Amino acid sequence: MAEKDKPRILPGDKTGPHIVSYRFHFGIWLGLIILTAMTVLVSVMGISLIAFSVITALFIASAKAWVVASYFMHLKWDHITYRIMGGIVMLLFLVFIILTGIDYLTR
Amino acid sequence: MSIAASHPSSFYADKRGILSWIFSTDHKRIGLLYFYAIFAFFLVGVVLGLLMRLELIAPGRTIMEPQIYNQVFTLHGVIMIFLFIIPVIPAIFGNFFLPIMIGTDDVAFPKINLLSWWIYVIGAIFALLTLVVGDGPADTGWTFYAPYSVKTGTNVTLAVLAAFILGFSSILTGLNFIVTIHRLRAPEMSWFRMPLFAWALYATSWIQLLATPIVGITLLMIVAERVFGIGLFDPALGGDPILYQHLFWIYSHPAVYIMVLPAMGIISEMIPTFAKRTIFGYRAIVWSSLAIAFIGYFVWGHHMFTSGMSGPARVVFSLLTFLVAVPSAIKVFNWVATLYQGSIDVRTPLLYTMAFIFQFLIGGLTGLVNGALATDVHVHDTYFVVGHFHYVMFGGTAFAFFGAMHYWFPKMFGRMYNERTANTAFTLLFIGFNILYFPMLVVGIMGMPRRYYDYLPEFHLPNVISTIGSWILAAGLILMIANLIVARRKGAIAGRNPWGGVTLEWQTPSPPPQHNFDETPRLSEKGPYDFDLK
Amino acid sequence: MQNMVLSNSGHLRDDVAAKMGMWLFLFTELLLFGGLFLVYTIYRILNPEAFLLASLELNVIMGTVNTIVLLTSSLTVAMSITAMQKGNIRLSLILLYLTILAAVIFLVNKYFEWNAKIDHGVFPGMDHYNTLEPGEKLFFFLYYFMTGLHALHVIIGAVFIGFVVAFIRKQKITPGRYMLLENSGLYWHLVDIIWIFLFPLFYLIH
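The written sequence of each chain sets the order in which its residues are numbered from 1. Chains and ligands are labelled sequentially in the order written, the chains with letters from A and the ligands with numbers from 1. Whole-chain, interface and lining totals are the exception, using all residues; otherwise, since this is a predicted model, local features are given only for residues with pLDDT of at least 70 and side-chain atom pairs are given and counted only at 80 or more. The basis for every side-chain value is the complete set of non-hydrogen atoms in the structure, without hydrogens or water.

The next subject is the interface of chain A and chain C. Residue contacts are counted whenever heavy atoms from the two residues lie within 4.5 Å of one another. Across the boundary between the two partners, chain A contributes 49 residues, which contact 54 residues of chain C. Summed over both sides, the interface of chain A with chain C buries roughly 4500 Å², with 74% coming from carbon and sulfur. Defined in terms of a 1.4 Å probe, buried area is the accessible area two parts forfeit on being brought together, summed over both. For chain A, the biggest contributors to the area lost against chain C are A:Arg8, A:Tyr22 and A:Met73; these three give 18% of the whole. Any carboxyl oxygen of Asp or Glu that lies within 4 Å of a side-chain nitrogen of Lys or Arg is treated as forming a salt bridge with it. Taken together, the links from chain A to chain C amount to two salt bridges. In this structure, C:Asp14 engages A:Arg8 in a salt bridge whose closest nitrogen and oxygen atoms are separated by 2.7 Å. Throughout this description, a polar contact denotes any pair of N or O atoms lying within 3.5 Å of each other; where both atoms belong to protein, one of them has to be capable of donating a hydrogen while the other can accept it, and for residues adjacent in sequence the pair is counted only when both atoms sit in side chains. Inspection of the chain A/chain C interface yields eleven residue pairs in polar contact (both at pLDDT 80 or more). Where helices and strands are cited, they refer to DSSP runs of H or I of at least four residues and of E of at least two residues respectively, numbered from the N terminus. The set of elements that each furnish at least two residues to the side of chain A that touches chain C consists of helix H1 (22-45), helix H2 (53-72) and helix H3 (80-105) of chain A. A per-class count over the side of chain A that touches chain C returns 31 nonpolar, eleven polar and seven charged. We call Asp, Glu, Lys and Arg charged. Ala, Val, Leu, Ile, Met, Phe, Trp, Tyr, Cys and Pro are nonpolar, and the rest, Gly among them, are polar.

Structural data, given as C-alpha cells:
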C-alpha cells in the first residue's frame with residue numbers, strides 16, 4: 001500500500017475493523033421481525049396494555065430504530081462521539097416537538 | 001486573473017485561467033469565488049435598500065407603486081439573508097482561513113467544498129430568475145408566510161426553491177467545517193488551543209447542519225401546496241398557518257446565530273491582535289459560542305408573540321429568550337476586558353471592531369425589548385424591529401465583515417491598502433449607519449409599522465433623516481470599495497505579518513502558497529494568543 | 001518547498017472523516033423528515049378522529065410486507081460489509097444485489113399501493129379526495145408527501161448501492177478500503193429507520 005493510501009489514524013481513533021458475524025446479524029434481524037409482528041398484532045387486535053396505542057407503537061418503533069442504529073449501523077462499537085452527536089440531534093428534535101406541542105396543547 | 005501576487009509560490013501563481021478558478025478545489029480559491037459572488041449580491045441588496053429609503057423620504061408615492069415596493073423589500077430580504085449574510089463569513093473567511101488557522105492545507109472534503117459553491121451559484125440563479133420569469137419577484141417578504149405565499153400570483157415557487165437550494169449549500173459548508181475541525185487540526189493543536197474564529201465556525205456549522213433541513217422541508221411543503229392546491233397551511237382548507245410560522249422560525253431563529261456567531265469569532269481574533277494581549281477568558285468565549293448555538297434552537301417562538309400562539313407558550317419562549325442574552329453578554333465583557341491594559345494599536349480593523357461592539361450592544365439590548373413579551377406586543381411589526389435587526393445584522397455582522405476584510409486583506413492579496421482612506425471610509429460608514437438606523441428605533445416606538453410604502457405625516461422628519469443617512473452610508477461603501485480595489489493593484493507589499501498577529505495565518509507568506517505553509521507551523525503551549533511566542 | 005505535505009493534510013485518505021461526514025449528512029436527513037413528523041404530530045393532535053378514519057383506508061398487509069422487505073434488506077447490506085471485511089467479495093456482491101432487489105420489491109409494492117388509492121380518487125385534486133373532511137385531506141396529503149419522499153430516498157439509496165457494486169467490480173472498493181460500502185450501508189439503514197417510524201404512524205392507528 002502506498003504511503004498516501006494509508007488511512008489517517010489520530011490518537012483516540014478506533015483502529016482495525018470491527019467484524020460482526022453473520023450469525024449475530026441474523027439474530028438482530030430476527031429480533032426486529034419479532035418486534036414488527038408485535039406492533040402489528042397490538043394494533044390490529046387492539047390489545048395495547050395502555051390506553052394510547054400510539055404510545056405503544058412509538059415505543060416499539062423507537063426500540064427497533066435503536067437496534068438498527070446500535071447493531072446494523074455499528075454505533076455500539078463506534079467512537080462515542082457519534083453517540084453524543086446522535087443524542088444531541090434526538091434531543092433537539094424532542095424539544096422542537098415539545099415546545100411546539102406546548103403551544104397547541106394550551107390554546 | 002491579474003492579481004497582486006507578490007511571490008512566485010503564491011496560490012495565485014499555481015494555475016491560471018478562469019477554469020482553474022471555477023473548478024478549483026483549493027479552499028482559498030473557493031473562498032475568493034464566494035467573496036466575489038457574495039459581495040456582488042451584497043451590492044444589489046444595498047441598491048434595493050437605497051431605493052426603499054428613497055421611496056420613504058416622503059409620505060405617499062415617491063418613486064414606486066406599492067406592489068413594486070412589496071417586491072423590492074422581499075427581494076432585498078431574500079438577497080441579504082440567503083445570498084449575503086448567511087454565507088458571508090463562513091463561506092468567504094471560513095473557507096479561506098479556517099484550514100490555515102488550524103494549520104492544515106485544505107478542508108476535509110475539497111470536492112464537496114467546490115460543489116457547495118456551485119450549488120450556491122445555482123440557487124442564486126433561481127433567485128434572479130424570479131425577476132424575469134412569470135409575474136415578477138415574490139411580494140411576501142423574505143419569510144414567505146402562509147397562506148399569502150400560497151395564494152399570491154407572484155413568483156414565490158422559484159424564490160422558495162432558491163432558498164431551498166441555498167440551504168443545501170449552507171449544509172455542505174457546515175458539514176465540511178465540522179469534519180475539518182475534528183480531523184485536520186495541526187498535531188499539537190488540541191481543542192482548547194484552537195483560535196476562537198475556528199470555535200465560532202464550529203458552533204455555527206452545527207446550526208447550519210441541524211437547523212437548515214427544517215426550513216428546507218418547510219419550503220418544499222409551500223411548493224407542494226402551490227402545485228397541488230392542498231391546504232396544509234391554509235385555514236380555509238383545514239390547515240394551520242401558525243404551524244408554518246413555527247417551522248419557519250425553528251430554522252430562521254437559529255439562522256440569526258449563523259449570521260452573528262462567525263462575526264463574534266472575527267472580533268475575538270482582531271481584539272487580541274490590536275491589544276497585543278492574550279484574549280481574556282478564552283474558555284468562557286468558547287463555551288458561550290456553544291451555548292449560543294444550543295440555546296438558539298429553543299427561542300424561535302419570540303417571533304410569533306402576536307400571531308395567535310397560546311399564552312403559556314409565549315411566556316415559555318420569552319423566558320428562554322432571555323437566556324440567550326447571557327452568553328452574548330459574556331463575550332462583550334471578555335472583549336472589553338481584553339482591551340483593558342492592552343497596548344492598543346488603533347488601526348482600521350480595530351475601528352470596525354469598536355463599531356461592532358457599540359452597535360451590537362444597541363442591537364442586543366433592543367433585542368431584549370423585543371424578546372420581552374409585554375413590550376414586544378407594542379413594538380412588534382414596527383420600525384423598532386427593523387432598526388433592531390439592522391443594528392445586529394448590519395451594525396454587527398456586516399461591520400465585522402468589513403473589519404475582517406481590512407484585517408485579512410494583506411494576507412489574501414499580499415498588499416496593503418491606504419489606511420487613511422480606509423479610516424475615512426469607516427467614519428462615513430459609522431456615521432451613515434447610525435443616522436440611517438437610529439431614527440428607525442424612534443419611529444418604531446412612535447408606532448410606525450414596517451413593510452408599508454407609505455406612512456403618516458408625523459413620521460416625516462425621522463424618515464428624511466434616515467434616508468440622508470443611507471446616502472452617507474453609500475458614500476462610505478463606495479470609498480471603502482474603491483480603496484480596496486486600488487490597493488489590490490497598487491498597494492505596498494504587505495509582508496507576512498503586518499499587524500503582529502500570532503495565529504497561524506500570520507506565519508505563512510502573503511498571499512499563502514498553494515499548500516498554505518512553507519514550513520511546519522509553530523504552536524505555543526499557552527494557547528493561540530501567546531504574544532510572547534517568538 | 002511549495003510541495004511540502006503536512007501530516008494533517010486534507011488530501012490524504014481519512015476513513016474516519018468519511019464516516020463522520022456521512023453521519024452528519026444522516027443527521028440532516030433525520031431532521032428533514034423531523035420537520036414532517038412535527039407537522040404530522042400537530043395535525044394529529046388537532047384532528048384525532050379524522051386521522052383514525054383515514055388511516056383505516058390504508059392496507060396494513062402491504063405496509064407490513066414492505067416493513068419486512070426493508071428490514072431484510074438492512075440485514076443483507078450489513079452482512080455484505082461483514083463479507084467484505086472477511087475478504088469474500090463474491091458474497092458481498094450477491095448480498096448487495098439482494099439489497100437492490102429488495103429496494104425494487106419495496107417500490108413495486110408502493111406503486112400498487114398508491115395506484116389503488118389513486119383509482120379510488122384519493123389524491124389531491126381528485127373527486128373522492130375533494131369530498132373528504134379537512135383532517136382526512138391533511139392525513140392523505142402527509143401520507144403521499146412523506147411516503148413519497150421516503151420512496152425517493154429508497155431510489156437514491158439503491159442507486160448509491162448500484163455505484164458501490166460498480167466500484168467493487170472495478171476493484172476501487174477492496175477489503176482494504178471499503179469506506180464507501182460502509183457509508184452506503186449507513187444511508188440504507190437510515191432509510192430503514194425512517195420507514196420504521198412511518199409504518200406505525202400511518203398504518204397502525206387503530
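Once that is clear, we can look at the interface of chain B and chain C. The partner chain C presents 36 residues to the 47 residues of chain B that form the contact. Both faces considered, chain B and chain C share a buried interface measuring about 3600 Å² in area, 76% of it formed by carbon and sulfur atoms. Where chain B packs against chain C, one counts one salt bridge. Here C:Asp14 and B:Arg183 are joined by a salt bridge, their closest N and O atoms 3.0 Å apart.

So, about the pattern of salt bridges. Here the structure, examined in full by the defined rule, presents 17 salt bridges over all chains. With a closest N to O distance of 3.9 Å, B:Asp240 and A:Arg107 form a salt bridge. Here B:Asp240, found in the loop between helix H9 (196-228) and helix H10 (241-275), pairs with A:Arg107, found in the segment after H3, and the two come from separate chains. Exposed residues in this analysis have more than 50% of their type's maximum accessible area, buried residues have under 20%, and partly exposed residues fall in between, with area computed by a 1.4 Å probe over protein chains only. On the accessibility criterion, B:Asp240 (11% relative accessible area) is buried. Among the ionic pairs, B:Asp532 bridges to B:Lys526, the shortest N-O distance being 3.7 Å. For the pair shown, B:Asp532 and B:Lys526 are each scored as exposed. Each of A:Arg8, A:Asp13, B:Arg183 and C:Asp14 takes part in a single network of salt bridges with overlapping partners.

Before going further, it helps to examine H9(B). All names here are of chain B. Between the first and last residue of a helix there are one fewer steps than residues, each counted as 1.5 Å, and that sum is the expected span. Over its 33 residues, H9 extends 48 Å from the first C-alpha to the last, a length consistent with the 48 Å expected when each residue adds 1.5 Å. The sharpest bend along H9 comes to roughly 30 degrees, located at threonine 212, with the proline proline 213 sitting one to four residues further on. Among the 33 residues in H9, 29 count as buried, and that is most of the element. Note on H9: the residue one or two positions beyond its end, glycine 229, has a positive phi of about 65 degrees. Working definition for bend: take the seven residues up to and ending at a residue and the seven starting at it, fit an axis to each, and measure the angle between the axes.

Okay, the confidence of the model for chain A next. Chain-level pLDDT for chain A is 88 on average; 91% of the residues reach the 70-or-more range. The score called pLDDT rates the predictor's confidence residue by residue, from a low of 0 to a high of 100. Mean pLDDT values for the elements of chain A range from 92 in H2(A) up to 95 in H3(A).

Time to look at the environment of B:Leu319. Turning to its location among the elements, B:Leu319 is positioned in helix H12 (residues 311-339). For the pair B:Leu319 and B:Val299, spaced 20 residues apart in sequence, the C-alpha separation works out to 8.6 Å.

A separate point is the side chain of B:Thr503. All names here are of chain B. Relative to the elements of secondary structure, threonine 503 occurs in the segment after strand E2 (492-493). At 2.9 Å, the side chain of threonine 503 and the side chain of glutamate 505 are in polar contact. Setting aside its immediate chain neighbours within four residues, threonine 503 contacts Met101, Pro195, Glu269, Pro528 and Tyr529.

Aromatic rings from Phe, Tyr and Trp, with only the six-membered ring used for Trp, were paired whenever their centres fell within 6.5 Å, and each pair was classed as stacked if the ring planes differed by under 30 degrees, edge-to-face if by over 60, and tilted otherwise. Under the criterion given, the structure shown has 85 aromatic pairs over all chains. Consider the rings of B:Phe399 and B:Phe402, whose centres lie 6.0 Å apart with planes at 55 degrees: the pair is tilted. One end of the pair, B:Phe399, and the other, B:Phe402, are both in helix H15 (residues 383-413), three residues apart, so they sit about a helical turn from each other. Accessibility classification places B:Phe399 together with B:Phe402 in one group, the buried group. Look at NZ for Lys and CZ for Arg. If either is within 6 Å of the ring centre and within 35 degrees of the ring normal, a charge sits over the ring. A cation over an aromatic ring shows up here: A:Arg107 above the ring of A:Tyr104, its NZ or CZ 4.3 Å from the ring centre. Cation over ring: B:Arg283 sits above B:Phe192, and NZ or CZ is 3.9 Å from the ring centre.

What follows concerns the environment of B:Tyr297. Its place among the elements puts B:Tyr297 in the loop between helix H11 (282-295) and H12. Separated by 23 residues in sequence, B:Tyr297 and B:Leu320 have C-alpha atoms that sit 9.9 Å apart. Contacts of B:Tyr297, omitting those with residues within four sequence positions, involve A:Leu92, A:Phe96, B:Trp206, B:Ile207, B:Leu210, B:Ala211 and B:Pro254. A polar side-chain atom of B:Tyr297 sits 3.2 Å from the main-chain carbonyl oxygen of B:Trp206.

The next point concerns unusual backbone geometry. All names here are of chain B. Note that the residue after alanine 146, namely proline 147, is joined by a cis bond; omega there is 0 degrees. With respect to the secondary-structure elements, proline 147 resides in the loop between helix H6 (110-132) and helix H7 (148-151). Omega for the bond connecting serine 510 with proline 511 falls within 30 degrees of zero, at -15 degrees, which places this linkage in the cis form. Considering the arrangement of structural elements, one finds proline 511 in the segment after E2. Here the phi dihedral of lysine 276 falls at roughly 50 degrees; this positive angle occurs in a residue that is not glycine. With respect to the element layout, lysine 276 can be found in the loop between H10 and H11. Lysine 276 gets classed as partly exposed once you look at its relative accessible area, which sits at 32%. Its identity as a non-glycine residue notwithstanding, arginine 451 has a phi of 70 degrees, on the positive side. Positionally, arginine 451 belongs in the loop between helix H16 (419-446) and helix H17 (460-490).

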